[in-house]
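# What the coordinates show
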Protein chains: 8
Amino acid sequence: MKVALIMGSKSDIPLVESAIRILKGFGVPFEVKILSAHRTPDDLERYIEEAEKAGVRVFIAAAGGAAHLPGVIASKTLLPVIGLPIKSKDLMGFDSILSIAQMPEGVPVATVGINRAKNAALLAIQMLALEDPSLLEKLRDFRQRQKEKVLNAEVNLDEI
Amino acid sequence: MKVALIMGSKSDIPLVESAIRILKGFGVPFEVKILSAHRTPDDLERYIEEAEKAGVRVFIAAAGGAAHLPGVIASKTLLPVIGLPIKSKDLMGFDSILSIAQMPEGVPVATVGINRAKNAALLAIQMLALEDPSLLEKLRDFRQRQKEKVLNAEVNLDEI
Amino acid sequence: MKVALIMGSKSDIPLVESAIRILKGFGVPFEVKILSAHRTPDDLERYIEEAEKAGVRVFIAAAGGAAHLPGVIASKTLLPVIGLPIKSKDLMGFDSILSIAQMPEGVPVATVGINRAKNAALLAIQMLALEDPSLLEKLRDFRQRQKEKVLNAEVNLDEI
Amino acid sequence: MKVALIMGSKSDIPLVESAIRILKGFGVPFEVKILSAHRTPDDLERYIEEAEKAGVRVFIAAAGGAAHLPGVIASKTLLPVIGLPIKSKDLMGFDSILSIAQMPEGVPVATVGINRAKNAALLAIQMLALEDPSLLEKLRDFRQRQKEKVLNAEVNLDEI
Amino acid sequence: MKVALIMGSKSDIPLVESAIRILKGFGVPFEVKILSAHRTPDDLERYIEEAEKAGVRVFIAAAGGAAHLPGVIASKTLLPVIGLPIKSKDLMGFDSILSIAQMPEGVPVATVGINRAKNAALLAIQMLALEDPSLLEKLRDFRQRQKEKVLNAEVNLDEI
Amino acid sequence: MKVALIMGSKSDIPLVESAIRILKGFGVPFEVKILSAHRTPDDLERYIEEAEKAGVRVFIAAAGGAAHLPGVIASKTLLPVIGLPIKSKDLMGFDSILSIAQMPEGVPVATVGINRAKNAALLAIQMLALEDPSLLEKLRDFRQRQKEKVLNAEVNLDEI
Amino acid sequence: MKVALIMGSKSDIPLVESAIRILKGFGVPFEVKILSAHRTPDDLERYIEEAEKAGVRVFIAAAGGAAHLPGVIASKTLLPVIGLPIKSKDLMGFDSILSIAQMPEGVPVATVGINRAKNAALLAIQMLALEDPSLLEKLRDFRQRQKEKVLNAEVNLDEI
Amino acid sequence: MKVALIMGSKSDIPLVESAIRILKGFGVPFEVKILSAHRTPDDLERYIEEAEKAGVRVFIAAAGGAAHLPGVIASKTLLPVIGLPIKSKDLMGFDSILSIAQMPEGVPVATVGINRAKNAALLAIQMLALEDPSLLEKLRDFRQRQKEKVLNAEVNLDEI
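This is a predicted model, so every value here is computed, not measured.

### Notes on the overall build of chain A
A count of helical and extended segments in chain A gives six helices and five strands. Helices and strands in chain A line up, N terminus first, as β-α-β-α-β-α-β-α-β-α-α. A compact globule built from 160 residues would reach a C-alpha radius of gyration of about 15 Å, and chain A, at 17 Å, matches this within 12%. The principal-axis extent of the C-alpha atoms belonging to chain A is close to 60 × 40 × 30 Å. The 160 residues of chain A split such that 66% are buried. Sequence-distant contacts, at least 24 apart, represent 65% of the contacts inside chain A between residues at least 6 apart. Of the roughly 5,300 Å² of accessible surface on chain A, a fraction of 47% belongs to carbon and sulfur atoms.

### Topic: the packing of aromatic side chains
Considering all chains together, one arrives at 20 aromatic pairs over all chains under this definition. Aromatic side chains Phe94 of chain C and Phe94 of chain F sit 6.1 Å apart centroid to centroid with 70 degrees between the ring planes, which places their arrangement in the edge-to-face category. Taken together, the residues Phe94 of chain C in helix 4 (residues 94-101) and Phe94 of chain F in helix 4 (residues 94-101) connect one chain to another. The residues Phe94 of chain C and Phe94 of chain F share a single accessibility class, namely buried. Ring-pair connections join several aromatic residues into one group, and the members of that group are Phe94 of chain A, Phe94 of chain B, Phe94 of chain C, Phe94 of chain D, Phe94 of chain E, Phe94 of chain F, Phe94 of chain G together with Phe94 of chain H.

### Quick notes on the environment of Leu122 of chain G
Mapped onto the elements, Leu122 of chain G comes out in helix 5 (residues 117-128). For the pair formed by Leu122 of chain G and Phe142 of chain G, sequence separation is 20 residues and the distance between their alpha carbons is 9.8 Å. Ignoring anything within four residues of it in the chain, the contact list for Leu122 of chain G reads Gly106 and Pro108 of chain F together with Ile22, Phe26, Leu139 and Phe142 of chain G.

### Quick notes on the environment of Leu98 of chain D
Residue position: Leu98 of chain D is located in helix 4 (residues 94-101). Judged by its relative accessible area of 3%, Leu98 of chain D is buried. Note: C-alpha distance between Leu98 of chain D and Ala66 of chain D (32 residues apart in sequence) is 8.6 Å. What Leu98 of chain D contacts, discounting residues up to four positions off in sequence, is Ala66, Leu91, Asp95 and Ser99 of chain F.

### Side note on the relation of the copies chain E and chain G
Take chain E, turn it by 90 degrees, move it 0.0 Å along the axis, and it overlays chain G with an RMSD of 0.0 Å. Expressed as a symmetry operation, the mapping of one chain copy onto the other fits a four-fold axis. When the interface residues of chain E are mapped onto chain G, a mere 13% of them are again interface residues, pointing to distinct binding faces.

### Details of the interface of chain B and chain A
Counting from both sides, the interface comprises 45 residues of chain B and, opposite them, 45 residues of chain A. Buried area between chain B and chain A, both sides added, is near 3,700 Å², and the carbon and sulfur share of it is 56%. Where chain B touches chain A, the interface holds zero salt bridges. Seen at the junction of chain B and chain A, the total is 31 residue pairs in polar contact (both at pLDDT 80 or more).

### Overview of the side chain of Thr40 of chain B
Looking at the element boundaries, Thr40 of chain B is found in the loop between strand 2 (30-34) and helix 2 (41-53). The residues touching Thr40 of chain B, leaving out its near neighbours within four places in the chain, are Leu35 of chain B together with Lys147, Val150 and Leu151 of chain D.

### Thoughts on unusual backbone geometry
The phi torsion at Asn115 of chain A lies on the positive side, around 60 degrees, for a residue other than glycine. With respect to the helices and strands, Asn115 of chain A occurs in the loop between strand 5 (110-111) and helix 5 (117-128).

### Some details on the relation of the copies chain B and chain A
It takes a turn of 180 degrees to lay chain B on chain A, together with a shift of 0.0 Å along the axis; the resulting RMSD is 0.0 Å. This pairing of chains is accounted for by a two-fold axis. A shared interface surface links the copies, since 100% of the contact residues of chain B are contact residues in chain A too.

### What about the packing of helix 5 (residues 117-129) of chain E against helix 6 (residues 134-152) of chain E?
Contact pair helix 5 of chain E / helix 6 of chain E: the axes reach a minimum separation of 8 Å and the direction vectors enclose 145 degrees. Facing helix 5 of chain E, whose interface residues are Lys118, Leu122, Ile125, Gln126, Leu128 and Ala129 of chain E, helix 6 of chain E presents Leu135, Leu136, Leu139, Phe142 and Arg143 of chain E.

### Quick word on the interface of chain E and chain G
Contacts between the two partners involve 15 residues from chain E and, on the opposite side, 21 residues from chain G. With both sides pooled, the region where chain E packs onto chain G buries about 1,600 Å², and carbon together with sulfur makes up 70% of that total. For the chain E face of the interface with chain G, the top three residues by lost area are Val150, Leu157 and Ile160 of chain E, together amounting to 36%. Inspection of the region where chain E meets chain G yields two salt bridges. Among the salt bridges present, the one from Lys147 of chain E reaches Asp43 of chain G, with a minimum N-O distance of 3.9 Å. For the interface between chain E and chain G, the tally reads five residue pairs in polar contact (both at pLDDT 80 or more). No other element matches the four residues that helix 6 of chain E contributes to the side of chain E that touches chain G.

### Quick word on the pattern of salt bridges
All names here are of chain A. Following the criterion strictly, the structure yields 72 salt bridges over all chains and no others. Residue Glu17 is joined to Arg21 by a salt bridge in which the shortest nitrogen-to-oxygen separation is 3.6 Å. Of this pair, Glu17 and Arg21 both sit in helix 1 (residues 13-26), four residues apart, roughly one helical turn. In this structure Glu17 comes out as partly exposed when scored by relative accessible area, which is 25%. Overall, Arg21 belongs to the partly exposed group, its relative accessible area being 45%.

### Observations regarding the confidence of the model for chain A
Do not read the fine detail of predicted coordinates wherever pLDDT is low. Across chain A, pLDDT averages 96, with 100% of residues at or above 70. Model confidence for the complex: the whole-complex pTM is 0.98, and ipTM, which rates the interface, is 0.97.

### Observations regarding the pairing of strand 2 (residues 30-34) of chain F
Residue and element names in this part refer to chain F. For strand 2, the tally of buried residues reaches four of five residues, placing the bulk of the element in the interior. Where strand 1 (residues 2-7) and strand 2 come together, five bridges link them in parallel fashion. The residue bridging Ile6 from the neighbouring strand is Lys33, located in strand 2.

### Quick look at the pairing of strand 4 (residues 81-86) of chain B
Residue and element names in this part refer to chain B. Counting buried residues in strand 4 gives six out of six residues, a clear majority hidden from the surface. Of the pairings in the sheet, the one linking strand 3 (residues 56-64) to strand 4 comprises six bridges and is parallel in character. Residue Ala63 lies in a different strand from strand 4, and its bridge partner there is Pro85. Viewed along the sheet, the connection from strand 3 through helix 3 (residues 69-74) into strand 4 turns out right-handed. Bridge count between strand 4 and strand 5 (residues 110-111): two bridges; the pairing is parallel. Residue pairing for strand 5: Gly83 is matched across the bridge by Thr111. Each parallel crossover has a hand, and for strand 4 linked through helix 4 (residues 94-101) to strand 5 it is right-handed.

### Examining the side chain of Asp90 of chain E
When you line up the elements, Asp90 of chain E lands in the loop between strand 4 (81-86) and helix 4 (94-101). Within the local environment of Asp90 of chain E, its side chain forms a polar contact with the side chain of Gln102 of chain A, the two groups lying 3.1 Å apart. One polar contact links Asp90 of chain E to Arg116 of chain B, side chain to side chain, over a distance of 3.1 Å.

### A word on helix 5 (residues 117-129) of chain B
With 13 residues, helix 5 of chain B should reach 18 Å at 1.5 Å per residue; the first-to-last C-alpha distance of 19 Å fits that figure. Counting buried positions over the 13 residues of helix 5 of chain B gives twelve, a clear majority of the element.

Thresholds, definitions, all that
Residues numbered from 1 in each chain as written. Chains lettered and ligands numbered in written order. Predicted model: local features only at pLDDT ≥ 70, side-chain atom pairs only at ≥ 80, totals over all residues. Heavy atoms only, no water. Helix = DSSP H or I, 4+ residues; strand = E, 2+ residues; numbered from the N terminus. Rg over C-alpha atoms; globule rule 2.2 N^0.38 Å. Buried < 20%, exposed > 50% of the residue type's maximum accessible area, 1.4 Å probe, protein only. Contact = heavy atoms within 4.5 Å. Areas by Shrake-Rupley, 256 points an atom, 1.4 Å probe, with all protein chains shown as cover. Phe/Tyr/Trp six-rings, centres within 6.5 Å; stacked < 30°, edge-to-face > 60°. Least-squares fit on C-alpha atoms with pLDDT ≥ 70 in both. Buried area = accessible area lost by both parts, 1.4 Å probe. Salt bridge = Lys/Arg side-chain N within 4 Å of Asp/Glu carboxyl O. Polar contact = N/O pair within 3.5 Å; in protein donor to acceptor, adjacent residues only side chain to side chain. Axes fitted to C-alpha atoms, helices over the stretch in contact; angles between N-to-C directions. pLDDT = per-residue confidence, 0-100. Pairing = 2+ DSSP bridges. Right-handed = clockwise from strand over helix to strand, strands pointing away. Expected span 1.5 Å × (residues − 1).

Set out below in structure tokens:
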């Protein structure tokens, strides 16, 4: 039971870092691959097949601009594919989110918010938790800590 | 193992009809509820709890405009929530898709395309298939039929 | 007679600072709370009830991205709720303003411009002035000073 | 204690009709005026003064396109002004909502969603309820009926 | 020397009809194929190879929404690919044009305007004319007739 | 024969600087005023009247966000009003340009591009040239110099 | 002293009809020409020269999509050019208004709102009035009638 | 057999640099010209004619804002014209891409993504390869190297 996290360029690593930290934190096995829908279509296809055999259950694909990577993966697998739109330099991610979410009927991609790498990882874990209920406990803990962080915030109005 | 399909108004039924047909076609048990994040927040909260107990494993929430329903559900459950943005009368769904996808880090919603009810259902089934591999076969059949439909299309150029 | 100013994260404080300064300047009692529609939904609900009992008459809620906070508050209270859209990192606040303003019929949110924290506070004071006419005088003074500031601006064209 | 509902053209009446019905239903006194920020600026100014004297406590202004009416009113009164963006023929209301909400700091307009005339009226009543608590009861009833309408919706899945 | 015109669904035929008429009118050999980047990825790949062998020199791909078809073709061939964005039901083609034009560096798609099928065909012919100068003459005639059509338009102002 | 250049805040001076330089360069008399449609509506109205009497023939109004200044001026004068949309901090000027250009039928504003202060001044001069043909000569010279500047640009490809 | 009204296709006539009616109503001489920036560039250039000689003082150019007509005219004349963006079938005029207003510094186009043909004509008349003060009187009458039309609108609230 | 690369200002050189490097790398002869659709329309026209005679087979035109350069060139030549939208300071290139791609039927421009200079050059080479098959080999090598660059990327997860 693994998550595969795919992106088109090594330069995207900083953007998906928080996804990696979440997966590590939850103890969920994962693989990170640099593969491009347009530059390495055949290697991508080969990888998807191998990944399925190696126990990958959910794909996360990060992409920006004409962001085809998640959709191309979704067309090659029956496993759920999570699309993570990357903020583009020119159109701020408008292009990325629309290219990922607006898939034709029949081949869905589970799209999260622009640059929301953390959410991509959490969504993958929520899916895996359908299979492995021990993850549910960890998700509950995560939400609890997250809640406490909000509640413990202290505001000093005197400084304003 | 059930899917819960929630929307804010009975008038949304025609828009989610194709999701219902997919769920029926795959033989996946499901419930349809009319509940609103803003008009019936307490009933919604109560329903989410009941639904979890009754075996719901994935929520699909359809909403338009300031489409808070999927996010509000996601804040109350650890199960995966699929957000289905409805095309709005004024801004064509731009508001719906952004209100659903752009969730803050920590509480993801799996967003599909605007009015892509079919994709919402298929994504739910892909998630359930992680638990119930028999659904994988049905997904494979679905894709196969879908593929054949494309390949069997005949174009008569003489008419043009 | 108080104003409650709510935001999802302590990091939003700099963005609402000018609202705080306006409320202080007008001598209007107010509370500032860090609470999130998605991370602390129950605490938020509890706070709204307490706040109403403690004399809060207007809520201001600052939020960005899929900005549900103002709408969620509005669904839990009959008091007026002012929504302050925060400029988001990716979509510049397009998502924030649409997620706040485009509420379904029946549950309004009084939306001000993106990052217009000052206007959120002034609008709250205009509402309170319906009850406490002494605030009208202060609003008149504020406008007068604002006007004078514009009229006193001196332009030195020789430098250009 | 009255509400003034202003719009630039008689042809906008169908769009604000639901606001009028809400105000009637709540028994809130109101006036409807056809006045334009650009075509009748002096008459508009005169009316605002008269309206204040005649007991108007909240203004609702409906406008589309370069929708200046709410902002122009807000610059002439200290009372709260609710801006109702009308869906424009060409840009669907994108222009209307931005022209209304994005007011400069110092002169707020309480903006509701595009074509949400009902919400404009409800927001006005919420404001008046700060002064007249009997309106709170009516708002509570309204919300209750609205809630029941959602809960009583019955969905016939057999037809799908 | 042929043009291949590919689209994802038979229902797109009316939208590409004018491209077909242009190709017929110029006497340029062409093939029309219904193939989908997401529903028939393998058949699409196979076709591209066959088409190249059968003398196709330019691909035109029509697609809407998350319009991946032109980019996917471009990733599989070294021949020029023309992307024709189809107006989508929800976002009017904003998604289509961005999904097609915003390709990553290294794999270009020659994008024409939304629903500009005629321009897609003319651009293909301009490319083929680099190889076959007889097409230049036909393009010159086409432009001439087009020019005359504009110049011959008569306006009757008396009717206004 | 004068041009009046109006803006809402002294902080806009750097943005209209190039307009001032053009007017100076052409030797066209002009006045610069800080006046706000919302903060100093009465002073603005008074100034417009005075300006007309003092020989102003064209108004240029720079404004950002819900940019009402040009439209408000246009509603008070029969002289041509040029609207200069200022790039806003949040929505990059989308709000500014729509709030200025989308005026209702009957009260036009001559809108130039976002932050195109130079064009606002040149357009004013083109209008004045209808009255004072000597300006035509200066415009011709300006265009000529502008043309030469383009033609004299030298590109050193060896550095690339 | 004439106005030239140019558009790319006879099919635009219904959209500029109200401009023609305004020009007729004001007794301003005008010419209507069908000429295209892209299909008849040389004829357009020739016409601009002739028009200037024939006494044209202002150009109005209506165009949609990649609306280059006003800008191309502006590059060939020193007279003021008014750009009238036409609502496009696909992008509602977003493309038209940006293609017209966002001209580079040095060559302004006076842009009016999308499909605001009436405003294009009124702006042209305001410009001509700088030369011919008799038009000022007519503009004053027009505004007066326009104002009366607003003030005479009667609203029957009993029907609602 | 040459490519002509045209832009409106010397300051655009850094943005088209990568196009120049690609053309150099492929050994394709090219010319770079600074010419503006609006500031030097006659020189532009003259250059197009000369360029055709001098063996130019494809034009690349880079432009931002109301980006008319590619369309104006396309109206003067039968050769393929590639439009390269430049990211604009205010609207991020939304204006540039729409002004270039949305050409009227009859006069196509092959549009690439915003600031995708490399893709503009590669597309030009793909077109030239229709005539000169030796370029096909170079394109194949380019794609191969590009692929290897992706495949050779190494990710060090330990650092995260």
